[in-house]
Amino acid sequence: MGGGAAGIGAAGAAKQASPDARVQVFTEFEDVGYSPCGIPYVHGREIESFSGLILQGKEFYEKAGIDVRYETTVESLDVGAGEVVLAGGERVGYDALIVATGFTYADPGVPGSQLDGLHYVKNIRRAMEWDPILDQAKKAVVVEASPLGLEMTTALAHRGLETHLVDAHPWALSEVADPDIAAPVQASWAEMGVQMHFNTRLEAFLGSTTVTGVRTSEGEIEADVVVVCTHKTPNNALARAASIEIGSTGGIVVDERMATSRAGVFAAGDCIEVPQGSTMLPLQGLSGSHAYSQGKVAGTNAAGGQRAYDPVFVPWGMVAGKWMIGGVSFGETTAGALGIPFHMGVAEGISRARYYPGLHKVRVKLLAEPGSLRLLGAQMVGGEGIKERADFLAMAAKKGITLRDLATMENVYSPPIGALNEPIALAAQNGLARLARGPGS
Ligand SMILES: Cc1cc2nc3c(=O)[nH]c(=O)nc-3n(C[C@H](O)[C@H](O)[C@H](O)COP(=O)(O)OP(=O)(O)OC[C@H]3O[C@@H](n4cnc5c(N)ncnc54)[C@H](O)[C@@H]3O)c2cc1C
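Residues numbered from 1 in each chain as written. Predicted model: local features only at pLDDT ≥ 70, side-chain atom pairs only at ≥ 80, totals over all residues. Heavy atoms only, no water.

**Q** I'd like a description of the sheet that holds strand β17 (residues 252-253), backed by residues and values.
**A** Ordered by their spatial adjacency, three strands build an open sheet running β17-β19-β20, and the pairing between neighbours is mixed. Each of the sheet's edge strands pairs with one partner strand only, and the pair in question is β17 and β20 (282-284). Relative to β20, strand β19 (residues 272-275) runs antiparallel, the two being bridged by three bridges. When the bridges of β20 are listed, Val 274 appears paired with Leu 283. (Pairing = 2+ DSSP bridges. Helix = DSSP H or I, 4+ residues; strand = E, 2+ residues; numbered from the N terminus.)

What follows is the structure, given as structure tokens:
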């Protein structure tokens, strides 16, 4: 149930584990197997057209023996009978069900949220219909500096619109990124003409039938288009109604096989919660790559195979404004808020040899467990190489690598792609030096 990253990953894996299995995918949408992640870049004209985002055509799934039921809504789950009930009443039996119903954007909870012209970036067809409106639009408001909010703010400013970002928190991506990581991004947005409204609550969408702006705690902002980028909430109403256990984040509870509390029912993707590796705190609403991997685990097990999903260390990264930002699990702000003790090392290095054109600064912050100095998390901002560092540091955290290991890590030194001193090693060395200097340093 679901044709996003998790559902499609699950269908493919089920077919691989059991080629004779009859695999059906139900989706409310007109398409499956496209990359929603690319949509902001088409709106921003970094990518020319939507066509490149379609990964596979309908024939691909037919040939693979996967029966996709497009524009087909599942209305309820009858787990006792082993059936899903479709809109219109058709009942479809199953031996194993995978719930991959994904996310919905949190309701902004203010008047006017049904006005025409409000855009929620998700379904590629709606994005294609909406995109031409941007050719005429002059002013845009982006609601919330969430990951998608950062991408859409950057995209709309790049497209030449006067772009306003409204967020109730004090800095961009404040639930994930530290303020010193967000600061260069915000400075670059200012250079791009973005008007930032932090510490500003959204109070209403304005307009009679079509949105004409927003009212905030700091005044009104006129807009031709408003993009709602509130955080992702698990879409699990059907699972809840079917008495499938829901966890403290609102996500469906699964074990390492992606099995839910009801026999024969698996779940994967943004509708579930999974444990963070060093704290075992449940996390929900991770990335498309997490959803796809979880789908593959669910699909394999649902079809009789054996596959397990490990707790996560959450490498993340993105382009925002003129910078790349990223990290692993917790930053200074989130660790502090959660009461997780940590020792920190910070350094500013460079991405290429200091004499090589196009080098960028790379700021790295490493958080380690006091005592063992095992890596707990990281935060980074720079001009390049952030993704690779985040992937590496997530694996380092998973494998129990310490600041001592990282301080003496080997690294590639080649003028166009890497400096003599790797910024990660510099941050780890800084952490050790601060430790040697004693408390308060
Ligand atoms: C604009 C955008 C940008 C993104 N950028 C990135 C990125 O840069 N990197 C990254 O890793 N991830 C990115 N993502 C991925 C995203 O954040 C999610 O993690 C991912 O989409 C989750 O996949 P999913 O399959 O769990 O759920 P979804 O993608 O939400 O899919 C849910 C599916 O369930 C179906 N469905 C729901 N309810 C029913 C029902 N009752 N009956 C039938 N079908 C139903 C829907 O039709 C849909 O097919 C982006 C997503 C969007 C929308």
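**Q** Go over unusual backbone geometry, please, and point to the residues and values.
**A** Unusually for a residue other than glycine, Arg 45 sits at a positive phi of about 65 degrees. Within the fold, Arg 45 resides in the loop between α2 (39-43) and α3 (58-63). One non-glycine residue, Glu 144, lies in the positive phi region at around 85 degrees. Mapped onto the secondary structure, Glu 144 falls in the loop between β9 (139-143) and α6 (147-158).

**Q** Explain the site of the ligand to me, using residue names and the numbers behind them.
**A** The full set close to the ligand counts 33 residues, and Gly 3, Val 74, Lys 122, Lys 232 and Gly 288 are the nearest of them. A distance of 3.4 Å is found between an oxygen atom of the ligand and a backbone nitrogen or oxygen belonging to Ala 100. Isolated, the ligand exposes 1000 Å² of accessible area, and the fraction of that covered by the protein chains is 88%. If you list the elements that add at least two residues to the shell around the ligand, you get α1 (5-17), β7 (103-105), α6 and α9 (288-302). The element best represented in the shell around the ligand is α9, accounting for three residues. Residue composition of the shell around the ligand, by class: 15 nonpolar, 13 polar and five charged. (Near = heavy atom within 4 Å. Polar contact = N/O pair within 3.5 Å; in protein donor to acceptor, adjacent residues only side chain to side chain. Areas by Shrake-Rupley, 256 points an atom, 1.4 Å probe, with all protein chains shown as cover. Nonpolar A, V, L, I, M, F, W, Y, C, P; charged D, E, K, R; others polar.)

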